[in-house]
Amino acid sequence: MKRQELLVAALESGTVIDHIPSSKLFEVVNLLHLEQMKTSITVGYNLKSKKMGHKSIIKIAGKFFSDEELNQLAVVSPNVTLCIIRDYEVVEKKEVFLPEELKGIVKCANPKCITNNEPMKTYFHAVLGKEGVLRCHYCNKEVDLDHVKLV
């Protein structure tokens, strides 16, 4: 039996975003503006995964994400795994979860909401007991993560 392997260069320093649902990969690429980066980026699409069936992965050399970027990532693809690499070693590994509050990230779907009519940041809360649902702080409009639009 032949053994097949996909060989990818090790990352000296940077970030690996793992366990991205394959259906969300290109949203993540657009969200993080990866097409504008000048460092090397490796993208794996529709890879076999024991945990998910199929997954996607992104390796980005020399890039470390801010909390704001991670919150945006959590809206598009919650529960991804983030690995921080330094000197070819994983120095930190964490899951990215949807935060309890999101400010200035998600657009309110209610056209009458004050955030759509005044120059102010949006403000959403994760709804307890409803996974993947956000509620606008100002008008109480609820929106499912599958239907959110980023600001």
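Residues numbered from 1 in each chain as written. Predicted model: local features only at pLDDT ≥ 70, side-chain atom pairs only at ≥ 80, totals over all residues. Heavy atoms only, no water.

Draft legend 1. Geometry of the overall build of the chain. When helices and strands are tallied, the chain shows two helices and 11 strands. Written out in order from the N terminus, the α and β elements of the chain read β-α-β-β-α-β-β-β-β-β-β-β-β. When the backbone C-alpha atoms are referred to their principal axes, the chain occupies close to 60 × 35 × 25 Å. Residues classed as buried in the chain amount to 38% of the 151 residues present. The contacts of the chain with a sequence gap of at least 6 include a subset with a gap of at least 24, amounting to 53%. When the 21 positive and 19 negative side-chain charges of the chain are each reduced to one mean point, those points stand 5 Å apart. (Helix = DSSP H or I, 4+ residues; strand = E, 2+ residues; numbered from the N terminus. Buried < 20%, exposed > 50% of the residue type's maximum accessible area, 1.4 Å probe, protein only. Contact = heavy atoms within 4.5 Å. Lys, Arg positive; Asp, Glu negative; His and termini not counted. Charge placed at Lys NZ, Arg CZ, Asp CG, Glu CD.)

Draft legend 2. Highlighting the pattern of salt bridges. By the definition in use, this model includes seven salt bridges. Notably, a salt bridge pairs D146 with K24, separated by 3.9 Å at the nearest N-O pair. Here the residue D146 occupies a position in the loop between strand 10 (142-144) and strand 11 (149-150), and K24 occupies one in the loop between strand 1 (13-20) and helix 1 (25-31), the gap between them amounting to 122 residues. We classify D146 as exposed; its relative accessible area is 59%. (Salt bridge = Lys/Arg side-chain N within 4 Å of Asp/Glu carboxyl O.)

Draft legend 3. Expanded view of the nonpolar core. Judged by nonpolar contacts, the single largest core of 19 residues is most densely connected at I17, I20, V28, L32, I58 and L73. Taken together, the elements giving at least two residues each to this core come down to strand 1, helix 1, strand 3 (53-61), helix 2 (67-76) and strand 4 (80-86). Among residues more than four places away in sequence, those in contact with L32 are I17 and F65. If you look at the next biggest cluster of nonpolar residues, it comprises 12 residues, including V75, I105, L134 and C136. (Core = buried A, V, L, I, M, F, W, Y, C linked by side-chain atoms within 4.5 Å.)

These figures capture arrangement, not role.
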